[in-house]
Amino acid sequence: MNFASLAGIILLLFSLPAALAAAIQIRFLIGCRKERTTAIVFATVLQFIYLFARLLGLPLIGGILFFQLWKLDSIFGFAFFLLGLAYISELVVNFKSQRDAWRIRKN
């Protein structure tokens, strides 16, 4: 167990909540908006890409980090750990901004 394996486990754990947030955002974009402007269609397509990347990409990357990175150099593993933490921090910031936007729209 090294830093990169830990980042792989964290990415695996974050994949389902991240995909759920993208699915909720898609439902909001499709269901709550009456107008179908180009910006809304583009945002919906972008959210579908996010959904598939979060649903398939995050577990794939997490599995690779967990199962294969133990063979590599420790400095290289630490670099992947930092990269995984950077991606997770971006996910958390995205969750917070989507939650704040949802609260504003709800009021």
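So, here's what we can say about the structure. (Residues numbered from 1 in each chain as written. Predicted model: local features only at pLDDT ≥ 70, side-chain atom pairs only at ≥ 80, totals over all residues. Heavy atoms only, no water.)

With respect to the nonpolar core
As a reminder, the rule being used: In this description, a nonpolar core means a group of buried Ala, Val, Leu, Ile, Met, Phe, Trp, Tyr and Cys residues linked to one another through side-chain atoms lying within 4.5 Å. The buried label goes to any residue with under 20% of its type's maximum accessible area, the exposed label to any with over 50%, and the partly exposed label to all in between, with areas taken from a 1.4 Å probe on protein chains only. Where helices and strands are cited, they refer to DSSP runs of H or I of at least four residues and of E of at least two residues respectively, numbered from the N terminus. We call two residues contacting when some pair of their heavy atoms lies within 4.5 Å.
By size, the foremost hydrophobic cluster in this structure holds nine residues: A4, A7, L11, A18, L58, L65, F81, I88 and L91. Considering each element in turn, this core owes the most residues, four residues, to helix α1 (residues 3-31). Non-local contacts of A18, meaning those with residues more than four positions away in its chain, are made with R54, L58, L91 and F95.

Regarding helix α2 (residues 38-68)
Going by this rule: Given a helix with a known number of residues, its expected span is that number minus one, times 1.5 Å. Fitting one axis to the seven residues ending at a residue and another to the seven starting there, the bend at that residue is the angle between the two axes.
Helix length check: α2 (31 residues) gives 43 Å between terminal C-alpha atoms against 45 Å at 1.5 Å per residue, within 8%. Along α2, the sharpest change in direction is near 30° and occurs at R54. Among the residues of α2, I40, T44, Q47, L51, R54, L58, G62, G63 and L65 are the ones counted as buried. The secondary structure elements touched by the buried residues of α2 are α1 and α3 (74-106).

So, the environment of P17
Tracing the sequence through the fold places P17 in helix α1. A relative accessible area of 39% means that P17 is categorised as partly exposed.

Describing the packing of α1 against α3
Rules: In this description, a line fitted to the C-alpha atoms serves as the axis of each element, helices being fitted only across the stretch in contact, and the angle between N-to-C directions of two axes falls anywhere from 0 to 180 degrees. Orientation categories follow fixed angle ranges, with anything under 35 degrees roughly parallel, anything over 145 roughly antiparallel, 65 to 115 roughly perpendicular, and all other angles oblique. When the near helix sits turned anticlockwise from the far one by under a right angle, the crossing is termed left-handed; a clockwise turn instead gives a right-handed crossing. Any residue that is not Ala, Val, Leu, Ile, Met, Phe, Trp, Tyr, Cys, Pro, Asp, Glu, Lys or Arg is counted as polar, Gly included; the first ten are nonpolar and the last four charged.
Close contact between α1 and α3 brings their axes to 10 Å; oriented N to C, the two are set at 25°. It follows from the interaxial angle that α1 and α3 lie roughly parallel. As α1 packs across α3, the resulting crossing turns out to be left-handed. Residues F3, A4, L6, A7, I10, L11, F14, P17, A18, A21, Q25 and F28 of α1 pack against G77, F78, F80, F81, Y87, I88, L91, V92, F95, Q98 and R105 of α3. The residue inventory of the contact of α1 with α3, partitioned by class, reads 19 nonpolar, three polar and one charged.

Quick notes on a nonpolar patch on the surface
Applicable threshold: What makes a patch is a set of residues exposed beyond 30% relative accessible area and free of salt bridges, joined within 9 Å when like-charged and within 5 Å when nonpolar (Val, Leu, Ile, Met, Phe, Trp, Tyr). Computed by Shrake-Rupley with a 1.4 Å probe, the accessible areas treat only the displayed protein chains as cover when residues are assessed. A pairing counts as a salt bridge when a side-chain nitrogen of Lys or Arg comes within 4 Å of a carboxyl oxygen of Asp or Glu.
Taken together, the side chains of L16, I30, F48, F52, L55 and L56 make up a nonpolar region of the molecular surface, amounting to roughly 590 Å² of accessible area. Among the elements of the structure, α1 and α2 are those that each provide at least two residues to the nonpolar patch. By residue number, the principal contributor to the nonpolar patch is α2, which donates four residues. On the secondary structure map, F48 appears in helix α2. The class of F48 is partly exposed, set by a relative accessible area of 34%.

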